Amino acid sequence: MSRKLLTVSCCALFVVCLTVQSHGQAGRPPAPQPPQPPPPPLGRLGTPLPTLNKAELARFNAGLSVFNEVHDVAAGLGPVFNDNACAACHTDGGIGGGSPRLVTRFGRVVDGQFDAMTEFGGSLIQVKGIGKLGTTTFVGEVVPKQATIVAQRRTTPLFGLGFVDNIPDTIFHQIADHQMLVNPTIAGRVNVVFDTVSGQQRVGRFGWKCQQATLHSFAGDAYLNEMGITTPLFPAENCPQGNCALLNTRGLPPEPNEPDNNDLFALADFMAFLAPPQARPNQQTAAGATIFAQIGCADCHLPILQTGPNTSAAFNQVVFTPYSDFLLHDMGTLGDGIVQSGAGAREMRTAPLWGLSQVTRYLHDGRATNLPDAITAHDGQGRAAAKRFSGLAKPQRDQLVLFLNSL
Ligand code: HEC
Ligand code: HEC
């Protein structure tokens, strides 16, 4: 059933069915596979797209140095922050990767409504402070005792995100409409957010909650909220533990810390031009790919997407394999309880599965140390697929895991 759905949805939307059709026949033993050429050598993660022109490559390198730059107080770091460089957290597999590094969010429910507790410095914690400045000592924030909800979020990898940045908004609406039509029990939701950089309402696709629509805006948000660096586009410094009076402390660098938004554009360039993870399919992984589609994993973890028309050849109608629909799904008890940028407490973005072989802790809070645990934790709209996984015979479960580890 699911494989049929997938083929239909894939064809209807993108007329790209190659990968899916090579997955074999549902309900029949797979036909003997013709010998396949060896997989191409694994492109090193953390390197630029091979399709960049010279000017784009220069922009990638300029962005890379901003991404690596270690900031100090004079350069605007803090007064509270989580770390002093983008590269401090985005490390695994190559520069721009994810890591098991977690950040903390908190909140509470008041009269049935989520309260982000900004007066206590919520919802995101900045764990470090810049220390003593004059008579003030800036310390890291802690979860206030009034908070009833505490959630951890794992650092996600940035490889290939330029393709995701260049998916037209209409495609996400089409995917959501299609899911609603053919399989409402798993249907995801588009999260329309205000994109600070363009000043437009756009489809959110980045972050565990689809909370940002573009890499530009995510860069500004991360500069501000992970590092405490303000820019003209993101000028409002975080009040340490909610105490805004502390921002008047003498000796803090002038606001905004950056005189212009150039760093945000450089950071967005670096991320956009980062090469995607390269899957390594082979004869052993083909069976797992079929099971993935058959038991409904591919209904949310869409294997194939395509960028829209673009003046840059690197992004012009490029077919890529993120294994995500980048929509919000109601994940029941797996949700992190945080309401953010239009995403509900139980709603989470379908985690892209490309590059999974580089990931060591799974799910938004890194709670799972192996893939079967990550799968069986799916609740809400993901529960039925997780149950079908648990119902598989051991060799088939192993085949699915083998496939996931080839991504
Ligand atoms: C303290 C660690 C830390 C630092 C420093 C950090 N990040 Fe992140 N990054 C994270 C975490 C955690 C997430 C997931 C956040 C979420 O979705 O709530 C994330 C997510 C992202 C995403 C979304 C990726 C996706 O899968 O959609 C982007 C883009 C990003 N970071 C860029 C940056 C940039 C640019 C910088 C530097 C300005 C930066 N990050 C600094 C930890 C960090
Ligand atoms: C209803 C949509 C949906 C279905 C169906 C679904 N998933 Fe997921 N999947 C998600 C979402 C949403 C997340 C992120 C959940 C979180 O961490 O809060 C996720 C996360 C994951 C992760 C963790 C990835 C990471 O980087 O941490 C893996 C692995 C995974 N899914 C595999 C599967 C497999 C295998 C199946 C089929 C048995 C499946 N999923 C079915 C939506 C779905």
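Residues numbered from 1 in each chain as written. Chains lettered and ligands numbered in written order. Predicted model: local features only at pLDDT ≥ 70, side-chain atom pairs only at ≥ 80, totals over all residues.

With that settled, consider the site of ligand 2. With respect to spatial proximity, 28 residues lie near ligand 2, and among them C297, C300, L363, H364 and Q381 are the closest. Across the shell around ligand 2, the residue classes tally to 19 nonpolar, eight polar and one charged. (Near = placed C-beta within 6 Å. Nonpolar A, V, L, I, M, F, W, Y, C, P; charged D, E, K, R; others polar.)

Moving on: the sheet that holds strand β7 (residues 149-155). Across a sheet, strands are paired by hydrogen bonds formed along the backbone, either parallel or antiparallel in direction. The three strands are arranged β3-β2-β7 in an open sheet whose pairing can be described as antiparallel. Where the open sheet ends on each side, the last strands, each with one partner, are β3 (113-115) and β7. Ignoring which end each strand starts from, the neighbouring axes of this sheet average 40° apart. Strand direction decides the pairing type here: strand β2 (residues 99-110) and β7, joined by seven bridges, are antiparallel. Note on β7: the bridge partner recorded for L102 is R154. (Pairing = 2+ DSSP bridges. Helix = DSSP H or I, 4+ residues; strand = E, 2+ residues; numbered from the N terminus. Axes fitted to C-alpha atoms, helices over the stretch in contact; angles between N-to-C directions.)

One way to put it is that helix α7 (residues 215-227) packs onto helix α8 (residues 262-272) with a least axis distance of 8 Å and a crossing angle of 120°. With respect to α8, the element α7 is oriented oblique. Of the two elements, α7 crosses α8, and the hand of that crossing is right-handed. The segment α7 lies against α8, with L215, H216, A219, G220 and Y223 engaging D263, L264, F265, L267, A268, M271 and A272. For the contact of α7 with α8, the per-class residue count stands at nine nonpolar, two polar and one charged. (Parallel < 35°, antiparallel > 145°, perpendicular 65-115°, else oblique. Left-handed = near helix turned anticlockwise from the far one by under 90°. Contact = placed C-beta atoms within 7 Å.)

Turning next to α8. The buried fraction of α8 is high, at nine of eleven residues. The complete set of buried residues in α8 reads D263, L264, A266, L267, A268, D269, F270, M271 and A272. Buried residues belonging to α8 abut α3 (54-68), α4 (86-89), α5 (161-165) and α7. (Buried ≥ 20, exposed ≤ 12 C-beta atoms within 10 Å, placed from the backbone.)

Right, let's talk about the site of ligand 1 for a bit. The environment of ligand 1 is formed by 25 residues, the closest being N82, C86, C89, F206 and G207. Put simply, the parts of the chain that give the shell around ligand 1 at least two residues each are α4, β2, β7, α7 and α8. The dominant element in the shell around ligand 1, judged by the number of residues it contributes, is α7, at seven residues. When the residues that make up the shell around ligand 1 are grouped by side-chain class, the tally is 15 nonpolar, five polar and five charged.

Purely geometric numbers; function is a separate question.
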